[in-house]
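Chain by chain, the residues run as shown.
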Amino acid sequence: MAVTIEELYRNYGVLADAKPEDLTKHKDAYQVILDGVKGGPKEKRLAAQFIPKFLSSFPELADAALNAQLDLCEDEDVSIRRQAIKELPRFAAGENIVRVADILTQLLQTDDSAEFNQVNTALVSIFKMDAKATLGGLFSQILQGEDIVRERAIKFLSIKLKTLPEDTMSKEVEDYVFTETKKVLEDVTGEEFVLLMRILMTLKSLQTVSGRQQLVELVVEQAFLEQALNPADPDTVDRLLQCTRQALPLFSKNVHSTRFVTYFCDHVLPNLSSLTSPVAELDIQLEVLKLLAEMSPFCGDMVKVEANLTMLFEKLLEFMPLPPEAEGENGEKATSEEPKLQFSYVECLLFSFHQLGKKLPDFLIDKINAERLKDFKIRLQYFARGLQVYIRQLRVALQGKTGDALKTEENKIKVVALKITNNINVLIKDLFHNPPSYKSTVTLSWKPVQKTEAGAAKRPSGEEMGAGSTMKKQLSPLPRRDARQIYNPPSGKYSATIGNFSNEQRGGFRGGRGRGFGNRGGRSRGRIY
């Protein structure tokens with residue numbers, strides 16, 4: 001016979017009125033409350049509240065009590081589930097914390113938003129009781145649980161971990177997060193990789209130079225830099241792009257980008273035109289060149305600096321056309337079309353060449369024969385003349401515009417176009433020095449301007465910041481996939497595409513689970529409480 005509301009209240013009264021030392025004498029009363037989970041909706045709601053209240057007085061019934069509460073966590077009535085989940089942290093004591101954390105992690109798969117929020121709140125509350133044990137339950141499901149549970153557990157950690165107080169996230173806890181995350185990284189999708197790296201980047205113990213170097217090593221492992229690149233495979237290209245994006249915030253004058261820059265020069269630039277984009281609207285060539293440019297200031301000593309500079313030089317020539325042929329005797333032009341000046345590409349390549357050129361300043365003098373150097377300077381001169389035309393036209397177009405007028409999409413593109421052309425102008429002037437100079441500093445057009453610049457993108461080291469300081473470089477946002485905005489330059493002698501400029505709109509991993517790094521297969525486990 002099912003327990004009634006009256007019986008639940010009567011037995012609750014017995015327990016509530018008993019002296020603490022006499023509670024153990026009323027085991028039968030507590031058993032009646034446990035049996036309330038077999039009643040109707042009202043009885044179940046009461047049982048969800050009453051069971052945890054007297055749990056500590058009946059340790060011999062602890063397992064039965066937890067199982068009864070779990071039955072309520074799976075009830076068809078969402079209001080009963082919410083009430084049971086709300087009380088679940090009260091069962092988290094001693095060895096039970098890992099189990100409760102494991103259970104709550106599984107409950108993250110709910111599609112009810114209020115219930116989902118309740119699970120999040122419960123997880124955070126037991127985090128404050130024992131962070132390491134709670135992480136044990138979470139990582140258990142991340143490593144072995146169903147895909148939907150794994151996905152939501154990783155997202156939970158990526159959002160909540162950084163909000164926990166310092167006394168909760170001790171050095172021991174952070175070390176545990178790092179150890180367990182490395183296990184997860186052995187088999188991940190692209191999206192999971194991004195989230196897991198963000199989790200690690202929030203750990204204070206990894207804010208030092210040695211900590212950032214450890215993170216770079218993790219990214220290098222995922223990037224497969226020891227393997228040749230297959231430019232026709234979009235997943236392989238995507239892996240490299242995503243890994244490079246994750247590594248970028250970690251590079252500094254003390255944490256070098258050398259392996260990535262070398263790989264780009266050896267394997268990516270030679271295949272630039274044949275790269276398969278992982279996202280339809282992504283300009284893959286420009287994306288790759290931007291990443292290379294951002295990494296180049298942090299490149300350390302290179303084994304093959306001359307070969308890498310030669311590759312950059314050859315690629316730069318491809319995007320810097322010779323001037324059109326002179327007019328014929330009757331005044332007609334010998335060529336029907338003006339060469340296209342692809343400013344965005346040239347900005348990236350020139351910047352990278354300028355940065356690496358500092359390592360071998362005599363490259364253009366000693367390593368390039370006189371004929372090729374003359375050809376290069378002719379291209380530079382032609383490009384510089386085109387630059388001056390665009391710079392004047394852009395300045396006229398933006399003259400007198402301030403505030404909201406500069407915030408229109410058209411004018412924002414023109415502002416960045418002006419940055420691009422000014423940057424190229426500065427870099428070309430450096431290369432025209434005799435001997436070529438590599439001293440000028442510019443800020444890449446898509447990067448925010450730094451108040452104090454030294455060497456293009458100087459950042460404080462871990463020692464300069466102190467072990468407890470946080471990295472000031474912002475983590476890369478999850479990729480946006482909006483359509484790229486193209487700047488259409490004014491007509492004239494040097495009319496051309498100014499380059500496929502976009503407001504830092506980068507594509508990410510395409511597809512969902514089962515794509516990307518580990519191609520994780522689906523799992524089906526059912527309830528494993």
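All of these numbers come straight from a predicted model, not from anything done at the bench.

### Overview of the overall build of the protein
Broken down by element type, the protein carries 21 helices and zero strands. Looking at the 529 residues of the protein, the share that counts as buried comes to 51%. Counting contacts in the protein only where the partners sit at least 6 residues apart, residues at least 24 apart contribute 75% of the total. Looking at the protein as shown, the accessible area adds up to about 24200 Å², and 49% of this sits on carbon and sulfur atoms.

### Looking at unusual backbone geometry
At the junction of N434 and P435, the peptide bond is cis and its omega measures out at 0 degrees in the coordinates. With respect to the secondary-structure elements, P435 resides in the loop between α20 (409-432) and α21 (462-465).

### Brief notes about the pattern of salt bridges
Taken as a whole and judged by the stated rule, the model has 24 salt bridges. Note that E87 is salt-bridged to R90, the shortest N-O span being 3.1 Å. With a relative accessible area of 10%, E87 lands in the buried category. Put simply, E151, K155 and E191 are held in one network by salt bridges that share partners.

### Observations concerning the environment of L309
For L309, the location among the structural elements is in helix α16 (residues 305-319). The sequence separation of L309 and C265 amounts to 44 residues, and the corresponding C-alpha distance is 8.3 Å. Setting aside residues no more than four positions away along its own chain, L309 makes contact with F353, L356, G357, L360 and F363.

### What about the packing of helix α6 (residues 96-107) against helix α8 (residues 131-144)?
The interhelical angle for the contact between α6 and α8, taken along N-to-C directions, is 45 degrees, at an axis separation of 7 Å. The orientation of α6 with respect to α8, classified from their angle, is oblique. α8 is crossed by α6, and the crossing has right-handed handedness. Taken together, the residues of α8 that come into contact with α6 (itself represented by I97, V98, A101, D102, T105 and Q106) are A133, T134, G136, G137, L138, S140 and Q141. Residues belonging to the contact of α6 with α8 are distributed by class as follows: five nonpolar, seven polar and one charged.

### Details of the nonpolar core
If you look at the biggest cluster of nonpolar residues, it comprises 152 residues, and the most contacted ones within it are Y30, I51, L88, L104, L157 and L161. If we skip the residues at most four places from it in the chain, L88 touches L66, Q69, L70, C73, V100, I103, L104 and L107. If you look at the next biggest cluster of nonpolar residues, it comprises five residues, including L394, L398, A417 and L418.

### Considering the environment of L431
Summarising the element assignment, L431 is placed in helix α20. Measuring from C-alpha to C-alpha, the distance between L431 and K377 comes to 8.8 Å, with 54 residues separating the pair along the chain. For L431, the residues in contact, after removing those within four places along its chain, are L350, F353, L364, F376, L380, P436, S437 and Y438.

### Examining α6
The end-to-end C-alpha distance of α6 is 16 Å, a good match for the 16 Å that 12 residues give at a rise of 1.5 Å each. Those residues of α6 that fall on the buried side of the exposure criterion are I97, V100, A101, D102, I103, L104, T105, Q106 and L107. The inward-facing, buried residues of α6 contact α4 (62-73), α5 (78-87), α7 (113-127), α8 and α9 (147-160).

### As for the confidence of the model for the protein
Overall, the prediction assigns the protein a mean pLDDT of 84, with 83% of residues at 70 or greater. Low pLDDT (under 50) marks residues 452-516, which in the prediction has 189 contacts with non-local residues, meaning those over four places away or in another chain. In the model, residues 519-529 has pLDDT below 50 throughout and makes 37 contacts with residues more than four positions away in sequence or in other chains.

### Considering helix α3 (residues 41-53)
Here α3 contains 13 residues, and its C-alpha end-to-end distance of 19 Å stays within 8% of the 18 Å for a straight helix at 1.5 Å per residue. At A47, α3 is bent by approximately 25 degrees, the largest bend along its length. E43, K44, L46, A47, A48, F50, I51 and P52 are the residues of α3 that are buried.

### Observations regarding the environment of I284
Topologically, I284 is positioned in helix α15 (residues 284-295). You can call I284 buried: its relative accessible area is 7%. As for I284 and D238, which are separated by 46 residues in sequence, their C-alpha atoms are 9.8 Å apart. Look past the residues within four positions of I284 in its chain and what remains in contact with it is V237, L241, L275, S277 and P278.

### Here's the deal with the packing of aromatic side chains
Aromatic ring pairs: the centre-centre distance and the angle between the two ring planes describe each pair. Going through the model one piece at a time under the given rule, you end up with 14 aromatic pairs. Ring geometry for Y9 versus F50: centroids 6.0 Å apart, planes at 70 degrees, classification edge-to-face. Within this pair, whereas Y9 is found in helix α1 (residues 5-17), its partner F50 is found in helix α3, the two being separated by 41 residues in sequence. Taken together, the aromatic side chains of Y9, Y12, F50 and F54 make up a single cluster linked through ring pairs.

Calculation notes
- Residues numbered from 1 in each chain as written.
- Predicted model: local features only at pLDDT ≥ 70, side-chain atom pairs only at ≥ 80, totals over all residues.
- Heavy atoms only, no water.
- Helix = DSSP H or I, 4+ residues; strand = E, 2+ residues; numbered from the N terminus.
- Buried < 20%, exposed > 50% of the residue type's maximum accessible area, 1.4 Å probe, protein only.
- Contact = heavy atoms within 4.5 Å.
- Areas by Shrake-Rupley, 256 points an atom, 1.4 Å probe, with all protein chains shown as cover.
- Salt bridge = Lys/Arg side-chain N within 4 Å of Asp/Glu carboxyl O.
- Axes fitted to C-alpha atoms, helices over the stretch in contact; angles between N-to-C directions.
- Parallel < 35°, antiparallel > 145°, perpendicular 65-115°, else oblique.
- Left-handed = near helix turned anticlockwise from the far one by under 90°.
- Nonpolar A, V, L, I, M, F, W, Y, C, P; charged D, E, K, R; others polar.
- Core = buried A, V, L, I, M, F, W, Y, C linked by side-chain atoms within 4.5 Å.
- Expected span 1.5 Å × (residues − 1).
- pLDDT = per-residue confidence, 0-100.
- Bend = angle between axes of the 7 residues up to and from the residue.
- Phe/Tyr/Trp six-rings, centres within 6.5 Å; stacked < 30°, edge-to-face > 60°.

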